[in-house]
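Each chain, letter by letter, is given below.
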Amino acid sequence: MISTLTAPNGLVLGDGTPYTIVKASGFGSPNVEGARYKNSGRHGITLLRSFWRERIIRLEIKMRANTVVAYGQLRYDLVEAFDLPRQGNGFVTFTTTDGKTLFIDYVNMNAPIDADFIPGHVTTGYAVIELIVGDPLIYNSFIQSQSIHPPVIGGVTLPTILPFAFSASGGSDTLVNNGNAAIGPTIQIYGPAINPHVQNSTTGLSMSINNTIPDGSYVEINTVEQTVLLNGTVNWLNYFEGDFWFLEPGDNIINFSSDDNTPASYAQIIWTDAYTGI
């Protein structure tokens, strides 16, 4: 399933390299932790909610070289490739045999690199690398973005027969999450807009900004971090009302409108497809 894997420092393992990925585990679902308590005076427990936690990835690597010196260099390079980050955490990208390019974020070492010397093996050897991943999801490396403009009321051709109805266009679009996990998008609402609203009608959840976004400004809503910023700097969380909704796997119908529905306003939805496991 894993074709190639690129370490945090850029070293590529897998197909077409001296590093064969013999086995790769930890790409199913991440660890899970449940909130629960024992029932008092009766059998069973009460389950409150479960959460995805860390992901543990284990790589078994075979190294092969033509000379003793070249084999030694392969070992040096592999250890360096997974050296501990000087600050924060790293990320790892990989490709799959079905053509996906994916990445995992907030990656660090979970155990020492196991690369024993085997007597008689002077140009080949094995190494085991174990990683811990703070973000439980696996992401597509392609960032998607879609703009939704407010609804526009159409006119009628005169003369006409009464009664008649005005038609509306815009204000809604379908966003597709091709992954198998719900993903929190970043939503940028560009003014001028009075009290704008963005709804995921597929889930029935919506959000609103109870203020006027001036012309030339925007409000950025990060649904994962649950932050609301005017022009990326000023905290507007106190003007936010509703839910920090996610995009469910498959089609999501998103509606955008405001009290004035100014044609120049729009909502930009930014997301990456995500996977609980592959």
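Scroll up to find the structure.
The following refers to the structure shown. Predicted model only: the values in this text are computed from it and were never measured.

In this structure, Leu5 and Phe82 are the most contacted members of the largest nonpolar core, which totals 29 residues. At the level of elements, β1 (2-6), β3 (19-25), β6 (55-64), α1 (68-81), β7 (90-96), β8 (101-109) and β9 (124-133) are the ones that each hand at least two residues to this core. In this structure, Leu5 is in contact with Leu11, Val12, Leu13, Ile21, Phe27, Leu59, Phe82, Val92, Thr93 and Phe94, ignoring residues within four places of it in sequence. Among the nonpolar cores identified, the runner-up in size contains 28 residues, and Phe103, Ile148, Ile254 and Ile269 belong to it.

To continue, consider the sheet that holds strand β15 (residues 186-190). Backbone hydrogen bonds hold the strands of a sheet together, and the pairing may be parallel or antiparallel. Pairing is antiparallel in the open sheet, where six strands are placed in the order β11-β25-β15-β20-β21-β22. The open sheet terminates on both sides in strands that have one partner only, identified here as β11 (144-148) and β22 (234-235). In this sheet, strand β20 (residues 218-222) lies alongside β15 in antiparallel orientation, the contact comprising five bridges. Paired with Ile189 across the bridge in β20 is Val219.

Helical geometry note: an α-helix holds 3.6 residues per turn, so side chains three or four residues apart project in the same direction. Compared with the 20 Å implied by 1.5 Å per residue over 14 residues, the 20 Å span of α1 between its first and last C-alpha is a close match. Looking at α1, one finds that the buried residues are Tyr71, Gly72, Leu74, Arg75, Leu78 and Ala81.

Moving on, we get to the environment of Gly179. Mapping Gly179 onto the fold places it in the loop between β14 (172-177) and β15. Excluding residues within four positions of it along the chain, Gly179 makes contact with Pro249, Asp273, Ala274 and Tyr275.

Rules used in this analysis
Residues numbered from 1 in each chain as written. Predicted model: local features only at pLDDT ≥ 70, side-chain atom pairs only at ≥ 80, totals over all residues. Heavy atoms only, no water. Core = buried A, V, L, I, M, F, W, Y, C linked by side-chain atoms within 4.5 Å. Buried < 20%, exposed > 50% of the residue type's maximum accessible area, 1.4 Å probe, protein only. Helix = DSSP H or I, 4+ residues; strand = E, 2+ residues; numbered from the N terminus. Contact = heavy atoms within 4.5 Å. Pairing = 2+ DSSP bridges. Expected span 1.5 Å × (residues − 1).

The quantities given are spatial measurements derived from coordinates; they are silent on function.
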